[in-house]
Amino acid sequence: MILVATASPKEESSSYWSYIKSCSALKLGGAVIGGVGLIVAAPVALGAAGFGAAGIAVGSVGAKAMSLAATYGVGGGVVGTLQSAGAAGVGLVGNAVLGTAGAAAGYKAGEKMSGCDDD
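Residues numbered from 1 in each chain as written. Predicted model: local features only at pLDDT ≥ 70, side-chain atom pairs only at ≥ 80, totals over all residues. Heavy atoms only, no water.

**Student:** How should helix 4 (residues 91-114) be read in this particular structure?
**Tutor:** Because each turn of an α-helix spans 3.6 residues, side chains separated by three or four positions in sequence point in the same direction. Taking 1.5 Å per residue as the helical rise, helix 4 with its 24 residues ought to reach 34 Å, and the 33 Å between its terminal C-alpha atoms agrees with that figure. Looking one or two places after helix 4, you find G115, whose phi comes out positive at around 75°. (Helix = DSSP H or I, 4+ residues; strand = E, 2+ residues; numbered from the N terminus. Expected span 1.5 Å × (residues − 1).)

**Student:** Looking at this structure, how should I read the pattern of salt bridges?
**Tutor:** Following the criterion strictly, the structure yields two salt bridges and no others. Salt-bridge contacts for E111 lead to K27; the nearest nitrogen and oxygen are separated by 3.9 Å. Pair noted here: E111 is in helix 4 and K27 is in helix 1 (residues 9-48), with a separation of 84 residues, a long-range link. Neither E111 nor K27 differs from the other in exposure class; each is buried. Because the salt bridges share partners, they merge into one network encompassing K27, K108 and E111. (Salt bridge = Lys/Arg side-chain N within 4 Å of Asp/Glu carboxyl O. Buried < 20%, exposed > 50% of the residue type's maximum accessible area, 1.4 Å probe, protein only.)

**Student:** Whenever I open this one, helix 3 (residues 76-88) confuses me. Can you help?
**Tutor:** If you check helix 3, its first and last C-alpha atoms are 18 Å apart, about what 13 residues at 1.5 Å a residue would give, namely 18 Å. Of the positions making up helix 3, those classed as buried are V79, Q83 and A85. An end-on view of helix 3 places all buried positions within 165° of arc, on one side of the element. Exposed positions of helix 3 whose direction lies more than 90 degrees from the buried face are G77, T81 and A88. Phi turns positive, to about 100°, at G89, one or two residues after helix 3. (Arc of directions from axis to C-beta.)

If you want it as structure tokens, here you go:
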């Protein structure tokens, strides 16, 4: 007679559910942090790039972008959109887009960091 030591079905089941819970928590946590983080960071990043309520700041990345857009005739719409968002805020639709993109990126980051990407 050969005896093989194995975990009981209850232990295997418990281990499996623990794995699933930890993977789900990491993915959900990544999504929340990514979504909220991008919504909070967007106005800060716009201000740091020189797009503010008083206009585009002299010597900033925004000023360089505006100069390039005027010189080459392309990108004026992007500069205008960034200036509008910097002056008036990102808005509801902008926050929805940023939140969705940040949540998707955060979810994938949580998935990769947890090693649960093959679920």
